[in-house]
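Observations on the three-dimensional arrangement
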Amino acid sequence: MRRGLPRRAGGHGAGAARGGSLLAYGYALLGTFCYALVMTINRRLRHEAGVARLILWSSLPGALVLAPFAVAGWVPPAGPDWLFLALNGVLAGGGTICPALAFRRASAAQLAPLEFSALLWAVLADLAIWGVLPAPMTLAGAAIVVLGCVMSQRAHRAHG
């Protein structure tokens, strides 16, 4: 395994093949909770003057809290990992700025179903980068979620 980027092990990695660890699920759940809070705060701050200020004030507290841990555990990335880290930063920035801009132009009820398009993007990225397709039951579950989003949008248009 290269530092920073795991190699594919049997398609999904050893942890996923056994169902994953509870700690991994806990981190994923905490991450989605934090993301939901960021989206909630972005909705509240949608009238903030300037996107740069919005991003600065939403990112600065986290950076200050995490900085000591980053310094204590710092390991210089290997050659090409710098590129992946930079790309990750650009994508994370876009993932923060774009929803903030969206909340300035549409209601949360209109935008919420689009959050579920992340399933499609994750599947496509997994396929393009790692050559991995989800299991058929996972695809069926995703299809149910997408169908629910389409129904939600249609109901919102009918009543809105």
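Within the protein chain, the regular secondary structure consists of seven helices and zero strands. Starting at the N terminus, the α and β elements of the protein chain follow one another as α-α-α-α-α-α-α. Looking at the protein chain as a whole, 11% of its 160 residues qualify as buried. Counting only carbon and sulfur atoms, one obtains 73% of the accessible surface of the protein chain, whose full area is about 12,100 Å².

Turning to a nonpolar patch on the surface, a few remarks are in order. Residues Leu30, Phe33, Leu37, Ile41 and Leu45 make up a contiguous nonpolar surface patch of roughly 450 Å² in combined accessible area. By secondary structure assignment, the location of phenylalanine 33 is in helix H2 (residues 22–44). Classification of phenylalanine 33 as partly exposed rests on a relative accessible area of 49%.

Okay, the packing of helix H3 (residues 51–72) against helix H4 (residues 81–105) next. In helix packing, the relevant descriptors are the interaxial angle and the interaxial distance, both defined with respect to the helix axes. For the pair H3 and H4, interaxial distance at closest approach is 10 Å and the crossing angle is 125°. Looking at the two axes, H3 sits oblique to H4. Crossing of H3 against H4: the hand is right-handed. The residues of H4 that touch H3, namely those facing Val51, Leu54, Ile55 and Ser58, are Thr96, Ile97, Ala100, Leu101 and Arg104. Of the residues assigned to the contact of H3 with H4, the class counts are six nonpolar, two polar and one charged.

Residue pairs three or four apart in sequence face the same way in an α-helix, which turns once every 3.6 residues. In a regular helix each residue adds 1.5 Å, so 25 residues correspond to 36 Å; H4 covers 36 Å between its end C-alpha atoms and thus fits that length. Listing the buried residues of H4 in full gives Asp81, Pro99, Ala100 and Phe103. Residues of H4 that are buried sit in contact with H2, H3 and helix H5 (108–111).

In this section: the confidence of the model for the protein chain. Per-residue pLDDT for the protein chain has a mean of 81; in total, 88% of the residues score no lower than 70. pLDDT under 50 marks residues 1–14. Its contacts with residues more than four places away, or in other chains, come to 22 contacts.

This paragraph deals with the packing of aromatic side chains. The description of two aromatic rings rests on the distance between their centres and on the angle between their planes. Taken as a whole, this structure holds one aromatic pair when the rule is applied. On the numbers, 6.3 Å between centres and 50° between planes, the contact of tryptophan 74 with tryptophan 82 is tilted. Given the relative accessible area of 52%, tryptophan 74 is considered exposed.

With that settled, the discussion passes to helix H7 (residues 136–159). Here H7 contains 24 residues, and its C-alpha end-to-end distance of 35 Å stays within 8% of the 34 Å for a straight helix at 1.5 Å per residue. The set of residues buried in H7 consists of Ala142, Cys149 and Gln153. Where the residues of H7 are buried, they touch H5 and helix H6 (118–130).

Take the packing of H2 against H4 next. Packing of H2 against H4 leaves a shortest axis separation of 9 Å and a crossing angle of 40°. One element, H2, and the other, H4, form an angle in the oblique class. Every pair of crossing elements has a handedness; the one defined by H2 and H4 is right-handed. Across from Tyr35, Met39, Asn42 and Arg43 in H2, the residues of H4 making contact are Thr96, Pro99, Ala100 and Phe103. Class assignment for the residues of the contact of H2 with H4 results in five nonpolar, two polar and one charged.

How each quantity is defined
- Residues numbered from 1 in each chain as written.
- Predicted model: local features only at pLDDT ≥ 70, side-chain atom pairs only at ≥ 80, totals over all residues.
- Heavy atoms only, no water.
- Helix = DSSP H or I, 4+ residues; strand = E, 2+ residues; numbered from the N terminus.
- Buried < 20%, exposed > 50% of the residue type's maximum accessible area, 1.4 Å probe, protein only.
- Areas by Shrake-Rupley, 256 points an atom, 1.4 Å probe, with all protein chains shown as cover.
- Patch = residues over 30% accessible without salt bridge, like charges linked within 9 Å, V, L, I, M, F, W, Y side chains within 5 Å.
- Salt bridge = Lys/Arg side-chain N within 4 Å of Asp/Glu carboxyl O.
- Axes fitted to C-alpha atoms, helices over the stretch in contact; angles between N-to-C directions.
- Parallel < 35°, antiparallel > 145°, perpendicular 65-115°, else oblique.
- Left-handed = near helix turned anticlockwise from the far one by under 90°.
- Contact = heavy atoms within 4.5 Å.
- Nonpolar A, V, L, I, M, F, W, Y, C, P; charged D, E, K, R; others polar.
- Expected span 1.5 Å × (residues − 1).
- pLDDT = per-residue confidence, 0-100.
- Phe/Tyr/Trp six-rings, centres within 6.5 Å; stacked < 30°, edge-to-face > 60°.

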